[in-house]
Amino acid sequence: MRRKLAAGNWKMNGTGAALEELDELSRMIGTTALQVVICPPAPLLYRACEAAQDSIIAIGGQDCHSAAAGAHTGDISAAMIADTGAQYVILGHSERRADHHESDADIHAKVKAAWAAELTAILCIGETAEQQQSGTTLEILATQLAGSLPDAVSATNTVIAYEPVWAIGTGKVPSLEQIAETHDFIRDTLITRFGETTGNAVPLLYGGSVKPDNAETIFRAENVDGALVGGASLKASDFAPIIAALDRA
Ligand SMILES: O=C(CO)COP(=O)(O)O
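Under an unreviewed UniProt entry, the protein has the name Triosephosphate isomerase and belongs to Sulfitobacter aestuarii. Taken directly from UniProt, the Sequence similarities (unreviewed entry) text for the protein runs: "Belongs to the triosephosphate isomerase family." Entered under Subunit (unreviewed entry) in the UniProt record, the comment concerning the protein runs "Homodimer."

If you want it as structure tokens, here you go:
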């Protein structure tokens, strides 16, 4: 059985007051065998880890530098994230690929840095609207996986999040058939490259406009093991029902 995971990406939202949502979320979800991760903005990481320490919620960063240390003003290393108590880091999010021109090679180096700091990398891949319309989605996913995933993938050090760029923050969600097709493709690609055992064990998340009212449908796809949630992770009252839907799936 693959582990199921619900991850919330707060993006550039939230100051200290937002940490109250962690208490609320913890109260609402109670105990569950799922892994629940919240990725707040970097300045909140320490406090989020403190706030979540008696709960089942794990904390993650939203990006790290590929270098361990050095003259990189404004950046943070994977070891710094791990030092806060965080266990995960999102890498290769489409907003970073777009805003910071991150290439697959950059992301490959960041994944290695995350592993070196014993963080689990949540690697994001996904096609743009133009790529989707031109029918190249699977090629794009294959290229991103080949370029950004180093060889030492294990069942515990990596999670893949498929996030179609056109579905992020838009309210548009692919059909269940499209979600099943892309996740099956990612699963097959992982099995081909890393073998049955590892390829089958890496959790695959869907991300892009996941809400309480569509989560149950999305989680019907066989190779969807959870979700990476943006807007609906900011409020415990929105995220808790998504987590509950995953628990039932
Ligand atoms: O980008 C996302 C998560 O990383 C998805 O964001 P939304 O859930 O707000 O569409």
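Next, the rest of the story.
Colleague: Which parts of the structure should I look at to understand the overall build of the protein?
Modeller: In terms of helices and strands, the protein carries 11 helices and 8 strands. Over its C-alpha trace the protein gives a radius of gyration of 17 Å, about what one expects of a compact globule, namely 18 Å for 249 residues. Over its C-alpha atoms, taken along the principal directions, the protein stretches across nearly 45 × 45 × 35 Å. Residue pairs at least 24 apart in sequence account for 72% of intrachain contacts in the protein once pairs closer than 6 positions are excluded. As displayed, the protein offers around 11100 Å² of accessible surface, 51% of which is attributable to carbon and sulfur atoms. Mean positive and mean negative side-chain charge positions of the protein (17 and 31 charges, respectively) differ by 2 Å.

Colleague: Quick question: what am I supposed to make of the nonpolar core here?
Modeller: Looking at soluble globular proteins, one finds that nonpolar side chains tend to be buried together. Among the nonpolar cores identified, the biggest contains 63 residues, and Leu 25, Ile 57, Ile 59, Ile 160, Ile 186, Phe 219 and Phe 239 are the most heavily contacted of them. Sorting elements by how many residues they give to this core places helix H11 (residues 236-248) first, with 7 residues. Apart from residues no more than four positions distant in its own chain, Ile 186 is found in contact with Ile 125, Leu 141, Leu 145, Ile 160, Tyr 162 and Leu 204. With 13 residues, the next largest nonpolar core counts Ala 7, Ile 90, Val 159 and Ala 161 among its residues.

Colleague: Sorry if this is basic, but what is going on with the UniProt feature "active site" (unreviewed entry) in the protein here?
Modeller: When the UniProt feature table is mapped onto this chain numbering, "active site" (unreviewed entry) sits at His 93 and Glu 163. Taken together, the annotated residues stretch across 71 residues yet fold into one region, lying no more than 8.4 Å apart by C-alpha. Among the structural elements, His 93 can be located in the loop between strand S4 (88-91) and helix H4 (94-99). Residues within four places of His 93 in sequence aside, it is in contact with Asn 9, Lys 11, Cys 124, Glu 163 and Ile 168. With respect to the helices and strands, Glu 163 occurs in the loop between strand S6 (158-162) and helix H8 (176-194). Ignoring any residue separated from it by four or fewer positions in sequence, one finds Glu 163 in contact with His 93, Cys 124, Ile 125, Gly 126, Glu 127, Ile 168, Gly 207, Gly 208 and Leu 228. At 3.0 Å, the side chain of Glu 163 and the side chain of His 93 are in polar contact.

Colleague: Where do I start with the site of the ligand in this structure?
Modeller: Close to the ligand lie 13 residues; Lys 11, His 93, Gly 169, Ser 209 and Gly 231 are nearest. Within the side chain of Lys 11, an N or O atom sits 2.8 Å from an oxygen atom of the ligand. The residue makeup of the shell around the ligand, split by class, is 4 nonpolar, 7 polar and 2 charged.

Calculation notes
Residues numbered from 1 in each chain as written. Predicted model: local features only at pLDDT ≥ 70, side-chain atom pairs only at ≥ 80, totals over all residues. Heavy atoms only, no water. UniProt positions renumbered as here; feature names shortened; annotations may be inferred. Helix = DSSP H or I, 4+ residues; strand = E, 2+ residues; numbered from the N terminus. Rg over C-alpha atoms; globule rule 2.2 N^0.38 Å. Contact = heavy atoms within 4.5 Å. Areas by Shrake-Rupley, 256 points an atom, 1.4 Å probe, with all protein chains shown as cover. Lys, Arg positive; Asp, Glu negative; His and termini not counted. Charge placed at Lys NZ, Arg CZ, Asp CG, Glu CD. Core = buried A, V, L, I, M, F, W, Y, C linked by side-chain atoms within 4.5 Å. Buried < 20%, exposed > 50% of the residue type's maximum accessible area, 1.4 Å probe, protein only. Polar contact = N/O pair within 3.5 Å; in protein donor to acceptor, adjacent residues only side chain to side chain. Near = heavy atom within 4 Å. Nonpolar A, V, L, I, M, F, W, Y, C, P; charged D, E, K, R; others polar.

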